[in-house]
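Descriptive analysis of the structure
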Amino acid sequence: MTRPSQIQARNTFGTESALEVGGQSYRIHSLAGLNVAALPYSLRVVLENLLRHEDGDRVSADQVELLLDWGVGPDHARSVDLSASRVFLHDTNGVPTVVDLAAMRHAIVDLGADPDLVNPQIPAELVVDHSVIVDVFGRPDAYERNVEIEYGRNEERYRFLKWGQENLRDFAVVPPGTGIMHQVNCEYLSRVVEADEGWAFPDVCLGTDSHTTMVNGMGVLAWGIGGIEAEAVMLGESLSMLLPPVVGFELHGELPDGATATDLVLTITQMLRAHGVVGKFVEFHGPGMSATSVPDRLTISNMSPEFGSTCAYFPIDEETIRYLRFTGRPEEQVALVETYARHQGLWHDPDHRATYSERLALDLSTVVPSLAGPRRPQDRVLLTQAQSDFRRVLPDILGLPGVDGIRTATDEASAESFPASDPPALDHDDAEPLPEPLPDPAAATDHSATTPHLPSRPGQPVRVVLNGTEAELDHGHVAIAAITSCTNTSNPSVMVAAGLVARRAVERGLTTRPWVKTSLSPGSKVVTDYLDDAGLTPYLEKLGFHLAGYGCMTCIGASGPLIPEVTEAVEHRGLAVVSVLSGNRNFDGRINPDVRMNYLASPPLVVAYAIAGTMDIDLAREPLGYDAAGTPVHLADLWPTPQEVRATIDATLDAAMFAKAYAGVFDGDERWQTLAAPHTRIFAWDEDSTYLRRPPYLDGMTRAVPPLADIAGARVLVKLGDSVTTDHVSPAGAIPVHTPAGQYLTGLGVERFQLNTYASRRGNHEVMMRGCFANVRLRNQLLPGSEGGRTRNLLTDEVQAVYDAAMSYRDAEVPLVVVAGKEYGTGSSRDWAAKGPALLGVRAVLAESFERIHRSNLIGMGILPLQFLDGESPDTLGLTGHETISITGLAELGTDGLPTTVAVRADDIEFQMTVRLDTARDLAYYRNGGITPYVLRRMLASECPNRT
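Residues numbered from 1 in each chain as written. Predicted model: local features only at pLDDT ≥ 70, side-chain atom pairs only at ≥ 80, totals over all residues. Heavy atoms only, no water.

1. A look at the overall build of the chain
Regarding its fold elements, the chain presents 31 helices and 35 strands. Relative to the globule expectation of 30 Å for 948 residues, the C-alpha radius of gyration of the chain, 27 Å, shows essentially globular dimensions. Projected onto the principal axes, the alpha-carbon positions of the chain cover approximately 85 × 70 × 60 Å. Per-residue burial for the chain yields a buried fraction of 64% across its 948 residues. Roughly 32,100 Å² of accessible area belongs to the chain as shown, and the carbon and sulfur atoms make up 48% of that amount. (Helix = DSSP H or I, 4+ residues; strand = E, 2+ residues; numbered from the N terminus. Rg over C-alpha atoms; globule rule 2.2 N^0.38 Å. Buried < 20%, exposed > 50% of the residue type's maximum accessible area, 1.4 Å probe, protein only. Areas by Shrake-Rupley, 256 points an atom, 1.4 Å probe, with all protein chains shown as cover.)

2. Concerning the packing of aromatic side chains
Per the stated rule, a full pass over the model turns up 17 aromatic pairs. Between Tyr 188 and Tyr 662, the ring centres sit 5.2 Å apart and the planes meet at 15 degrees, which makes this aromatic pair stacked. With a relative accessible area of 36%, Tyr 188 lands in the partly exposed category. The interplanar angle of 55 degrees and the centroid separation of 5.4 Å between the aromatic rings of Trp 223 and Phe 281 together place this pair among those described as tilted. Placement of the pair is Trp 223 in strand 10 (residues 221-224) and Phe 281 in strand 13 (residues 281-285), with a sequence separation of 58 residues. Relative accessible area serves as the criterion here: at 0%, Phe 281 is assigned to the buried category. Linked through ring pairs, Phe 160, Trp 163, Phe 683 and Trp 685 together constitute an aromatic cluster. One Lys or Arg, Arg 761, reaches over the ring of Tyr 691 and ends 3.9 Å from the middle of that ring. (Phe/Tyr/Trp six-rings, centres within 6.5 Å; stacked < 30°, edge-to-face > 60°. Lys NZ or Arg CZ within 6 Å of the ring centre and 35° of its normal.)

3. Looking at helix 14 (residues 492-507)
Here helix 14 spans 22 Å end to end across 16 residues, near enough to the 22 Å set by a 1.5 Å rise per residue. Burial runs high along helix 14: 12 of the 16 residues are buried. Of the positions making up helix 14, those classed as buried are Pro 492, Val 494, Met 495, Val 496, Ala 497, Ala 498, Gly 499, Leu 500, Val 501, Ala 502, Arg 504 and Ala 505. Looking one or two places after helix 14, you find Gly 509, whose phi comes out positive at around 85 degrees. (Expected span 1.5 Å × (residues − 1).)

4. Brief notes about helix 31 (residues 931-943)
For helix 31, spanning 13 residues, the distance from its first C-alpha to its last is 18 Å, which sits close to the expected 18 Å at 1.5 Å a residue. Among the residues of helix 31, those classed as buried are Ile 931, Thr 932, Pro 933, Tyr 934, Val 935, Leu 936, Arg 937, Met 939 and Leu 940. Tucked into the core, helix 31 has its buried residues touching helix 3 (91-110), helix 6 (227-234), helix 28 (852-860) and helix 30 (920-928). (Contact = heavy atoms within 4.5 Å.)

5. Overview of the confidence of the model for the chain
Looking at the chain as a whole, its pLDDT mean stands at 90, while 92% of the residues score no less than 70. Low pLDDT, under 50, characterises residues 402-443; the predicted model gives this stretch 100 contacts beyond four residues in sequence or across chains. Considering only residues more than four positions removed or in separate chains, one finds that residues 445-458, a stretch of pLDDT under 50, has 26 contacts. (pLDDT = per-residue confidence, 0-100.)

6. Looking at the sheet that holds strand 10
Strand order in this open sheet of five strands is 6-5-4-9-10, and the pairing throughout is parallel. Here the strands that pair on one side only, and so sit at the sheet edges, are strand 6 (171-174) and strand 10. Neighbour to neighbour, the strand axes of the sheet diverge by 20 degrees on average, direction disregarded. Relative to strand 10, strand 9 (residues 204-207) runs parallel, the two being bridged by four bridges. Considered in strand 10, the bridge of Val 204 is made with Leu 221. (Pairing = 2+ DSSP bridges. Axes fitted to C-alpha atoms, helices over the stretch in contact; angles between N-to-C directions.)

7. Some remarks on the packing of helix 3 against helix 31
Where helix 3 contacts helix 31, the axes come no closer than 11 Å and their chain directions differ by 45 degrees. With respect to helix 31, the axis of helix 3 lies oblique. Like other packed secondary-structure pairs, helix 3 and helix 31 cross with a definite hand, here right-handed. Note on element contacts: helix 31 touches helix 3 through Thr 932, Val 935, Leu 936, Met 939 and Leu 940, opposite Met 104, Ala 107 and Ile 108. Residue composition of the contact of helix 3 with helix 31, grouped by class: seven nonpolar, one polar and no charged. (Parallel < 35°, antiparallel > 145°, perpendicular 65-115°, else oblique. Left-handed = near helix turned anticlockwise from the far one by under 90°. Nonpolar A, V, L, I, M, F, W, Y, C, P; charged D, E, K, R; others polar.)

8. Points about the sheet that holds strand 13
The parallel open sheet is built from four strands, whose spatial order is 14-13-12-15. The open sheet has two edge strands, strand 14 (311-313) and strand 15 (358-363), and neither has a second partner. Within the sheet, the average angular offset between the axes of one strand and its neighbour, ignoring direction, is 20 degrees. Where strand 13 lies against strand 14, three bridges are found, and the strand directions are parallel. Each residue of the ladder has a partner; that of Glu 283, found in strand 14, is Tyr 313. Sheet contacts for helix 7 (residues 261-275): strand 12 (246-252), strand 13 and strand 15; angle to strand 15, the most-contacted strand, approximately 150 degrees.

9. Overview of the packing of helix 1 (residues 41-53) against helix 2 (residues 61-68)
Relative to each other, helix 1 and helix 2 sit at 160 degrees, their axes nearing to 9 Å. Taken as axis vectors, helix 1 and helix 2 run roughly antiparallel relative to one another. At the point where helix 1 passes helix 2, the crossing takes the left-handed sense. On helix 2, the residues touching Leu 43, Leu 47, Leu 50 and Leu 51 of helix 1 are Gln 63, Val 64, Leu 67 and Leu 68. Its residues assigned to classes, the contact of helix 1 with helix 2 comprises seven nonpolar, one polar and no charged.

10. Side note on unusual backbone geometry
Residues apart from glycine generally show negative phi values, whereas peptide bonds are mostly found in trans. In this model, Gly 373 is joined to Pro 374 through a cis peptide bond whose omega is 10 degrees. Among the secondary structure elements, Pro 374 is positioned in the loop between strand 16 (370-372) and strand 17 (380-382). For Val 192, which is not glycine, the phi dihedral falls at a positive 70 degrees. With respect to the element layout, Val 192 can be found in the loop between helix 5 (181-189) and strand 7 (193-196). Given a relative accessible area of 2%, Val 192 falls into the buried group.

11. Details of the state of the cysteines
Following the criterion strictly, the structure yields zero disulfides and no others. Cysteine Cys 486 shares no disulfide, and the gap to the nearest cysteine sulfur, in Cys 552, comes to 6.4 Å. With a relative accessible area of 4%, Cys 486 lands in the buried category. When its relative accessible area of 7% is taken as the criterion, Cys 552 is described as buried. (Disulfide = S-S within 2.5 Å.)

12. Regarding the pairing of strand 21 (residues 478-484)
In terms of burial, strand 21 is a largely internal element, seven of the seven residues being buried. Pairing of strand 21 with strand 22 (residues 517-521) involves five bridges; the strand directions are parallel. Note that in strand 22 the partner of Ile 480 across the bridge is Lys 517.

13. Concerning the nonpolar core
Counting 300 residues, the largest nonpolar core has Phe 773 and Tyr 824 as the members making the most contacts within it. Discounting chain neighbours no more than four positions away, the residues touching Phe 773 are Leu 717, Val 718, Leu 720, His 728, Val 729, Leu 778, Gly 789, Val 802, Val 818, Tyr 824 and Pro 837. (Core = buried A, V, L, I, M, F, W, Y, C linked by side-chain atoms within 4.5 Å.)

14. Re the pattern of salt bridges
Counted according to the given criterion, the structure contains 56 salt bridges. Two residues, Glu 125 and Arg 86, come together in a salt bridge whose shortest N-O distance is 3.1 Å. Taken together, the residues Glu 125 in strand 5 (residues 124-127) and Arg 86 in strand 4 (residues 86-90) connect sequence positions 39 residues apart. The exposure class of Arg 86 is buried, given its relative accessible area of 0%. Note that Asp 141 is salt-bridged to Arg 139, the shortest N-O span being 2.6 Å. Residues joined by salt bridges that share partners form a network here, namely Arg 86, Glu 125, Arg 191, Glu 194 and Asp 203. (Salt bridge = Lys/Arg side-chain N within 4 Å of Asp/Glu carboxyl O.)

What follows is the structure in structure tokens.
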């Protein structure tokens, strides 16, 4: 725990001292007398944390020595225990976290103890931003209508969060309609350096969202952990982690005209994914740091999960101080940050080179306009090649491997007529290597040379009537254009650029295509304030980019239904339509179930594609449209210069805007203030609720830890390929009525238009179990050639919904496993991607590799992560998924240090697998059946140390 009053550090290294700042004296653990020259800046923060918590028990002197020995070769197989200063949550992960805390209070009462034992031990801050949906768009009242609908759908959940705020200590809620959590964290909540009870120390923030890393861009060490881990951290547990390798990423030069922070982050994402940074820290340094503003850094750090790194850290420097003042932080806080950082060696020195495990470099001047898509953030495509790349990948999207490309001309006479329809209801070296050579970031694969003349594709465009006018829809048409996500809306340069592009487009007479669903969902009210003051809002609205809400919205798949005629064309004519969004993820099936191709782009490019209406256009050469005089209007005609953008920002944006936007940040509007919440220590569960149910994880829990047993006679629930995301395992979007979750809810009387999203119902395990592996784009190799949430029941050979098959296995008392390829669990830090499988009866996941957060979440729910040995995979071993699986040696785990491998038998195939219990804490969690039982048993032992 980080609260100074609870710290019992032994001061073994004699680092406790005082720091004077503006007449105020703070107690600190000083790094000034230690040899930390070789240590990367990010690990200096970890070192201070260990010194402050070194108690000989949880944090030993050996852990401190591990950091101090960095320059002579660290041991990355050893772990350290990091103590957060605060936990950061959003509503869709926060609601199940509070549900679990409420359930823990019940469980602890059942075991004869005081429910007040269950309380946050460090500050926990939750921002409600994940529930608002783009139901209404393209009209002046879109924001008000969407907020009204949001409260109508989520009132019960919001009352529950108010119960948590009023009955749990140190639990604060930022109500709906304020902004996106990470932008609020950057602009208001982050301290950079904490001051508490006379102590000063670095702000270390662990969050339930993978993009918690965003504040790395302002010198805060932060990253996402699973919601299950977050509960333990909130309740006073430290986070046990292997000492990470640190990749030094040197920046030099500066961005050229025409390139944006979005182009920069997509370039870095591509580089780091290719390099491989899973489980590593990335630390930016070098002379190019001074050419990147903090908003640019925040954009980069936001996408750390897309690189795969644990964090993406920028040390504190003059730009950090400038940003703190710019966002209205109190001057005494700014002074503390600068004085503390300089004293502790946390202040960036561009001439100093720490000892990095690996090194990369980027010349910023080589960055060029880019997009990423259509399925992964690391699949960067140059703007100049976007059309040719779209045509290259389209056949695969359509499942037409023998067909190359799409037609190049429209045969209007043969276009099918399609009527409008009613809207649907809603590695470390002693001598550092030089930076390894990398491809020129401007040299994304050029496929245009291989497809100079694209042949026609079978099929015809679909005619529809939109707003009383006939139009043709075809593959690649942009169905969604969304200026969304804290990744980019936190950056005034790209938002102002979008507004300037919109103004010039409107002035030239251009409009948005009628099939495009447009929306603006910024991360804070500051954005709309400066767009208003700059006079740019009317032009964005003229193109349909009306304010839809202050929340994540399209970025997390809460994009709402498409224009009905587009949905009909997609569903009945098989069109592959496109979304273009200024977000951070574009995984298959994430943005909208009817959109099969998703492209990440800067906000000004989102505006441009809304006008073009199609991805099948070369924006670098072809006109977006024609003005009233018939003159072609190209993107270059609309694109503002950096000087124009800077001048607009300087004229409109100041610290007072931030002060105004965040005044009363925890108060909420009238709707929030009038929500009634019960004042009870124990939450009264409503058995008729379809949103909140007491979860069964702790049912029958005993004070004693039960013995481990081998897994025998298991069957494969699903067999999956590479890069299976947490979205595939536990979707967040709308609940379709025909799915097990939809049928469960309608069977309880929930109307079809009130089904809401999976994300909104994460407080109800009955819904989430049924939504497990229910993504419409899931490809289960037990059913080759198909997509969706179905599997083969190996007991009956029936094809069933995954949930139904799991229940059949449960009735037969058959344990389950999941078999997967590389990067299993990539994407969001979604605890239900572990909770769901656990409730379905999954005991182990056998994969070629795991994404960091998801591996932790699996352990947190008592699921064993097993990794195929190097050179082995399901394919090389000949596994089909139809085998009966046995895993032996589990009872002996931990009897002789950390486990390394266990024996697995799949019918007649025998092999060893690596046990991914990487730390002693991982092993303890697994032996206890998960994090929650572990924490409860520790609480009970603390209250009654002699009771068994």
